[in-house]
Amino acid sequence: MATKRKYLIAGNWKMNKTAPDGVELIEGILNEIGSQSEVGVAVCPPFTALESAAKALADTNTITLGAQNMHPEPDGAYTGEVSAAMLRTLYVGFVILGHSERRQYFAESDAFINQKVIAALENNLKPILCVGETIEDREAGKTLEVVETQLKGGLVNVDKKQAEQIVIAYEPVWAIGTGKTATPEMAQEVHAAIRKMLTDIFGSDIADKIRILYGGSMKPGNAAELLAEKDIDGGLIGGASLEAKSFGKLVEAALAQTKADG
Ligand code: 13P
């Protein structure tokens, strides 16, 4: 069952936390997790909290900063938007792209998300590309079809050399913020299918290195069994990332699994 990939536990704060509240949360998380480096840890605050978060993280490598979105163009007349270069100046390392809430509320298409993935990679930002089915998709037996369309659509023209930088997050829409989690077996089935799709696109050497995170009501009570699955390489966490203790416990679970994997 050994996972050869370094686990990544990433907190998606969504539209929560002012700048000062974000600093407090980061200080709390640092307190919980200490200075380990075996598990990758990232927090993704809203844009307004990135600069203060970057300052709060200036003396540590334990946590990487991520953003929740960006625009593909380098600059220009795109009111309300933020470019990859703007994020880089705030020491941002990851950027969540194609989250289901962006797809649903802001009508983001696979083609638009693909432009963002390309722009992120060109600017040395690691995309966390989100894919996942709705409950209607699942009930219609279309889960893998939907995930494949989103995955392949998001990865058009991605250079093989840059593909390892990408992180995929499988987030079944029906499990987000609902308390309903995919069972470990359900999640593993889709993660394995995603790994196979990545193998078709990039070849197995690269596909074996790409981390596939699970997202959707992941919390301390269910993290261990999810992370024990072969193709689940971490989590993208909403609700449970807003509190230092619960987020710290998720990092602990990934650390325990890393040790168990040997
Ligand atoms: P929850 O952990 O609150 O279900 O959110 C998951 C998510 O959407 C992370 O991006």
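A quick note: this is a predicted structure, and the numbers were derived from the prediction, not measured.

Asker: Would you mind going over the pattern of salt bridges with me for this structure?
Answerer: If charged atoms from side chains of opposite charge come close, those side chains can pair. Enumeration over the complete set of coordinates arrives at 15 salt bridges. Residue Lys-14 is joined to Glu-101 by a salt bridge in which the shortest nitrogen-to-oxygen separation is 2.8 Å. With Lys-14 in the loop between strand E1 (8–12) and helix H1 (19–33) and Glu-101 in helix H4 (residues 100–105), this pair connects stretches of sequence that are 87 residues apart. Taking the relative accessible area as the measure of exposure, Glu-101 reaches 23% and is therefore partly exposed. Here Arg-138 makes a salt bridge to Glu-133, at a shortest N to O gap of 2.8 Å. Residue class for Arg-138 comes out partly exposed when judged on its relative accessible area of 22%. Residue class for Glu-133 comes out buried when judged on its relative accessible area of 0%. Among the charged side chains, a network of salt bridges with common partners joins Arg-5, Arg-195, Lys-230, Asp-231 and Asp-233.

Asker: Help me out: how do you make sense of the packing of aromatic side chains in this one?
Answerer: Centre distance and the angle of the planes are the two values used to describe a pair of aromatic rings. On inspection of all chains with the given rule, the structure shows one aromatic pair. Positioned above the aromatic ring of Phe-106, the side-chain terminus of Arg-102 is 4.0 Å from the ring centre. A cation over an aromatic ring shows up here: Lys-126 above the ring of Phe-94, its NZ or CZ 6.0 Å from the ring centre.

Asker: I tried to follow the pairing of strand E3 (residues 63–67) on my own but got confused; where do I start?
Answerer: If a strand is regular, its side chains alternate between the two faces of the sheet. When you tally the buried positions in E3, you get four out of five residues, the bulk of the element. Pairing analysis gives three bridges linking strand E2 (residues 40–44) to E3, with the strands arranged parallel. By the bridge assignment for E3, Val-41 is matched with Ile-63. Note that the unit made of E2, helix H2 (residues 50–56) and E3 has a crossover that is right-handed. As paired strands, E3 and strand E4 (residues 92–97) are joined by three bridges and run parallel to one another. Across the sheet, Gly-66 pairs through a bridge with Phe-94, a residue of E4.

Asker: Any chance you could explain the packing of helix H11 (residues 220–227) against helix H12 (residues 244–261) here in plain terms?
Answerer: Relative to each other, H11 and H12 sit at 25°, their axes nearing to 9 Å. Judged by the inter-axis angle, H11 sits roughly parallel to H12. Relative to H12, H11 is oriented so that their crossing is right-handed. Contacts between H11 and H12 pair Pro-220, Ala-223, Ala-224 and Leu-227 from the former with Ser-246, Lys-249, Leu-250, Ala-253, Ala-254 and Gln-257 from the latter. When its residues are assigned to classes, the contact of H11 with H12 shows seven nonpolar, two polar and one charged.

Asker: Explanation requested: the nonpolar core in the structure shown.
Answerer: Nonpolar side chains in soluble globular proteins tend to be buried together. The biggest cluster of nonpolar side chains holds 69 residues, and the ones touching the most others in it are Ile-168, Ile-194 and Leu-198. Of all hydrophobic cores here, the second largest spans twelve residues; its members include Ala-10, Ala-42, Ile-128 and Cys-130.

Asker: Would you explain the site of the ligand in this entry?
Answerer: Among the 13 residues in the neighbourhood of the ligand, the closest are listed as Lys-14, His-99, Gly-177, Ser-217 and Gly-239. Between the ligand and Gly-177 there is a distance of 2.6 Å, counted from an oxygen atom to a backbone nitrogen or oxygen. In the complex, the protein chains occlude 95% of the 310 Å² of accessible area that the ligand would expose alone. The residue makeup of the shell around the ligand, split by class, is four nonpolar, seven polar and two charged.

What counts, and at which threshold
- Residues numbered from 1 in each chain as written.
- Predicted model: local features only at pLDDT ≥ 70, side-chain atom pairs only at ≥ 80, totals over all residues.
- Heavy atoms only, no water.
- Salt bridge = Lys/Arg side-chain N within 4 Å of Asp/Glu carboxyl O.
- Helix = DSSP H or I, 4+ residues; strand = E, 2+ residues; numbered from the N terminus.
- Buried < 20%, exposed > 50% of the residue type's maximum accessible area, 1.4 Å probe, protein only.
- Phe/Tyr/Trp six-rings, centres within 6.5 Å; stacked < 30°, edge-to-face > 60°.
- Lys NZ or Arg CZ within 6 Å of the ring centre and 35° of its normal.
- Pairing = 2+ DSSP bridges.
- Right-handed = clockwise from strand over helix to strand, strands pointing away.
- Axes fitted to C-alpha atoms, helices over the stretch in contact; angles between N-to-C directions.
- Parallel < 35°, antiparallel > 145°, perpendicular 65-115°, else oblique.
- Left-handed = near helix turned anticlockwise from the far one by under 90°.
- Contact = heavy atoms within 4.5 Å.
- Nonpolar A, V, L, I, M, F, W, Y, C, P; charged D, E, K, R; others polar.
- Core = buried A, V, L, I, M, F, W, Y, C linked by side-chain atoms within 4.5 Å.
- Near = heavy atom within 4 Å.
- Polar contact = N/O pair within 3.5 Å; in protein donor to acceptor, adjacent residues only side chain to side chain.
- Areas by Shrake-Rupley, 256 points an atom, 1.4 Å probe, with all protein chains shown as cover.

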